[in-house]
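# What the coordinates show
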Amino acid sequence: MALFSSTFREFPKRGTDFYTPLSNLSRFRNCKLEVEGLLNSLPLAYERVRFRGRQPKKREDKTHMQIIERSLSSKSDGIAGYLVYPERTTPGPGLLLIHPKSGVTDYIKIEARKFARLGYSTFALNVFEQLGYPAATHIETGSQIQAKTSDADFTRVQAEGWRYLLSQSHVNPKRVAVCGYCMGGRLAIHFVAATPEV
């Protein structure tokens, strides 16, 4: 702390912003090198740190699980989307994930994997492909598709995804939820309101 405060006290102040005359830059570089040298002298790994007294307990990672992923298309599988779930012997919770206007992008797949690591069988339904607009993503066309599609059509397509998710052997049908990102959040609210069994 003293190293930084003594260095910065020497810099003149103009208005509310600090500025550094060129003559003081060498002092700042020396300060930076001293800090980097200090950081480099610290242990690099947790195992190298020596504790006095009681040692910390090592915890086993019980959250490690095998994650299974499947990309589905309407032509080959009858429904389009991305299914990801933890390998398990008994049915567990499920989640119908509705994508934003950009479609089922890598971002949505990452989010679906995060839910799967938490124990949810997650199905990211490709709403646009189910509506007849097949594409890997809909980054450029999503806004136009959303504008010309009625909420009733969106709800119909989400019901197809819901039935598909409930039909999976690894899903407990009494423990299923719906969520969505951006446009998908709006669609999920309409779907839940229009579908009493959800």
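Relevant structure appears above.
Read on for a plain summary of the structure. By convention here, each chain's residues receive numbers from 1 onward along its written sequence. The predicted origin of the model limits local features to residues at a pLDDT of at least 70 and limits the giving and counting of side-chain atom pairs to 80 or more, whereas totals for whole chains, interfaces and linings rest on all residues. Hydrogen atoms and water are omitted, and side-chain values are computed over all heavy atoms in the structure.

### Details of the pattern of salt bridges
Every case where a carboxyl oxygen of Asp or Glu lies within 4 Å of a side-chain nitrogen of Lys or Arg is listed as a salt bridge. By the definition in use, this model includes five salt bridges. In this structure, the salt-bridge partner of E69 is R113, at a minimum N-O distance of 3.1 Å. Taken together, the residues span a long stretch of sequence, with E69 in strand β3 (residues 67–72) and R113 in helix α4 (residues 106–117) at a distance of 44 residues. Take R113: its relative accessible area is 23%, and that puts it in the partly exposed class. Between R156 and E160 there is a salt bridge whose closest N-O contact spans 3.4 Å. Taken together, the positions of R156 and E160, both in helix α7 (residues 151–166) and four residues apart, correspond to about one turn of that helix. Working definition: with a 1.4 Å probe on protein chains only, accessible area under 20% of the residue-type maximum means buried, over 50% means exposed, and in between means partly exposed. Under the relative-accessibility criterion, R156 is labelled partly exposed at 41%. Only DSSP runs of H or I reaching four residues or more are called helices, and only runs of E reaching two or more are called strands; each is numbered from the N terminus.

### A look at α4
Take the number of residues in a helix, subtract one, and multiply by 1.5 Å to get its expected span. Between its first and last C-alpha, α4 extends 16 Å over 12 residues, near the 16 Å set by a 1.5 Å rise per residue. Residues I108, E111, A112 and A116 constitute the buried set of α4. Buried residues of α4, seen end-on, are gathered within an arc of 145° and therefore sit on one face of the element. The exposed set on the far side of α4, more than 90 degrees from its buried face, consists of D106 and R117. Directly beyond the C-terminal end of α4, a positive phi value near 110° is found at G119. Along the arc lie the directions from the helix axis toward the C-beta atoms.

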